[in-house]
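Letter by letter, the chains look like this.
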Amino acid sequence: MKKVIASILVLIMFVTVLSSCGSSSGTNNVIRVWVGEESVSFYKAVCEEYLAAHEDFGFTIDVKGMDTGSIAGTIATDPKAAADIYTVAHDNIGKLAATECAKPIGDQSLIDQVLADNPEPFQNVVYSTLNGQKYLFAVPYISQALFLYYNKALVTEEQAASFEGLREAAIAANTKAVTVTGDDGYNMSFALLATKVSDHSTTVKIYEGAESVSGGTKGTSNCQGDDTIAILRWLQDYAEDPNGFKWASPDGWDADLDKNNKGVLAVIGGAWHYNTAKAALGETNLGIALIPTLTLTASSVEGLTGVSAGDVYRGGTFADCKCFMINANSAKEKYAKEQELIKFLSSKEIQNRSFLECLNVPAYVGASQFIEQCYNEGKVTESQYSLAAYQVSMAEWGIPQPFITGTLNTYYYSKNAPAVFRAIIDKTAYPTTGDVIIPETNTLEGIRKALYLIEYIWMHGSNPKSFPDTLPASA
């Protein structure tokens, strides 16, 4: 069905895009490409190969490395100065489409490649609606998710499989079990998106069914379920435990993880933390695993329904993709060749080479088979193989960031909801602006109010003026 829709929209898109796009972004005979700083040498080399094999391409290619975490902000600030093709995490797609910083993809062969190669969750997040029409705006080529790094010298593989096992190892080592690389809404997805191991169930919803780049619905959100409360109660206890969870120290999570410091045995992070984690522990001691399981206790489920002591949950993650997009201010005469180049750079062949040379985990369906083959052939080390394999496996326990608009992204990350989430874990009060102040979050009532507050911020971008008499309640 998506292929049919895409085909119908191509002609409309060409008329709309080619008649409304801005003036040239940079020199007309150069196509400028922004990729992650860690990958710039690789993509420079493959672009040179492409030009050598396609003498009639008609443009030179200039590849520059950028901090992919800040590219979207740079583009939004001055889109005319940005590259013709740029890399962003998929949660920025809607924002860039809505602010006319991106052109839709119109090349049918490229659309077909995206639909044929990518898993459904990635296909669902690369479309956006513009002027009432649904278009493909971005092309996935790297996947990313959170997983666990741990110290193999002090933690067994079996202990790394559960938070309880990590605590057992931490008791023996007289240290803390685990930390995170940050307390923002992305890094804390390990707790928020935890799902029941037996059936992957969760009551959490984040903008489920949201529609449209502008003027559409925010969908449905929920973070007030009894399973969420039970998991947070469990985490409260784990954080209070002298051998449990800790926030990263002022010197950074890598200083905590360092084999000589032994401040913590494990950290929840992503592939982009690999080199830092390896430097902290040494490759011999660097273990990698799925985010561990946790087992609910009698105290964590007290007074709740639908959850029971002994229920086992696995930590979750946002399982995302990095994508190529085309600058709406790029010159019209570059448009066809930009799509031709993106088709090449996002192909399975180049994704595979990017993994071998840069450890960028491919986004396409079936990449795990290639990764295993590379390990069996001795092309990657054990830790490099584990990094890719466990990241791919964590996609089963996660969801793509569902922020199809800049507004939803801002509401989720930048309107204090993450700070309230941390306050729950720390059992501290969180004073909001206005008249609403949640009580100490060491009571069931306090946790319920805090979660209502988070959900309200997700949906409205502000604090409620009062709490409902009965919770949970629709926010």
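Calculation rules
- Residues numbered from 1 in each chain as written.
- Predicted model: local features only at pLDDT ≥ 70, side-chain atom pairs only at ≥ 80, totals over all residues.
- Heavy atoms only, no water.
- Helix = DSSP H or I, 4+ residues; strand = E, 2+ residues; numbered from the N terminus.
- Expected span 1.5 Å × (residues − 1).
- Contact = heavy atoms within 4.5 Å.
- Domains from an automatic or database assignment.
- Buried area = accessible area lost by both parts, 1.4 Å probe.
- Salt bridge = Lys/Arg side-chain N within 4 Å of Asp/Glu carboxyl O.
- Polar contact = N/O pair within 3.5 Å; in protein donor to acceptor, adjacent residues only side chain to side chain.
- Nonpolar A, V, L, I, M, F, W, Y, C, P; charged D, E, K, R; others polar.
- Phe/Tyr/Trp six-rings, centres within 6.5 Å; stacked < 30°, edge-to-face > 60°.
- Buried < 20%, exposed > 50% of the residue type's maximum accessible area, 1.4 Å probe, protein only.
- Lys NZ or Arg CZ within 6 Å of the ring centre and 35° of its normal.
- Core = buried A, V, L, I, M, F, W, Y, C linked by side-chain atoms within 4.5 Å.

Caption draft 1: Representation of helix α2 (residues 40-53). Counted at 1.5 Å a residue, the expected span for α2 with its 14 residues is 20 Å, and the 20 Å between its end C-alpha atoms agrees. Where α2 is buried, its residues contact β1 (30-36), β2 (60-66), β6 (139-144), α13 (335-345) and α14 (348-358).

Caption draft 2: Molecular detail of the domain arrangement of the chain. Domain boundaries assigned for the chain yield domain 1 (30-143 + 320-372) and domain 2 (146-318). Placing the centre of domain 1 and that of domain 2 at their C-alpha centroids yields a distance of 31 Å. In terms of surface lost to domain 2, no three residues of domain 1 exceed T129, D320 and L359, which account for 71% of the buried area on that side. Joining domain 1 to domain 2, the criterion identifies zero salt bridges. In this structure, the connection of domain 1 to domain 2 is made through zero residue pairs in polar contact (both at pLDDT 80 or more). Elements that contribute at least two residues to the side of domain 1 that touches domain 2 include exactly α4 (93-98) and β4 (127-130). At three residues, α4 tops the list of elements feeding residues into the side of domain 1 that touches domain 2. Here the residues of the side of domain 1 that touches domain 2 are counted per class, giving three nonpolar, three polar and one charged.

Caption draft 3: View of the packing of aromatic side chains. Following the criterion strictly, the structure yields 28 aromatic pairs and no others. Relative to Y413, the ring of Y412 has its centre 4.8 Å away and its plane inclined at 85°; by these criteria the two rings are edge-to-face. A relative accessible area of 3% places Y412 in the buried class. One aromatic cluster is present, formed by Y186, Y207, W272, F318, F403, Y412, Y413 and W458 through successive ring pairs. Sitting above the plane of the W397 ring, R314 keeps its charged end 5.1 Å from the centroid. Its end group placed over the ring of W247, R422 keeps NZ or CZ at 4.1 Å from the ring centre.

Caption draft 4: Focus on the nonpolar core. In this structure, F163, V178, F190, I206 and Y207 are the most contacted members of the largest nonpolar core, which totals 98 residues. The element best represented in this core is helix α19 (residues 444-460), accounting for ten residues. When residues of this core are assigned to domains, at least three fall in each of domain 1 (30-143 + 320-372) and domain 2 (146-318). In this structure F190 touches F163, V180, L235, F245, I268, I291, G315 and G316, once residues within four positions along its chain are discounted. The next biggest cluster of nonpolar side chains, apart from the first, holds 58 residues, and it includes I31, W34, I93 and V125.

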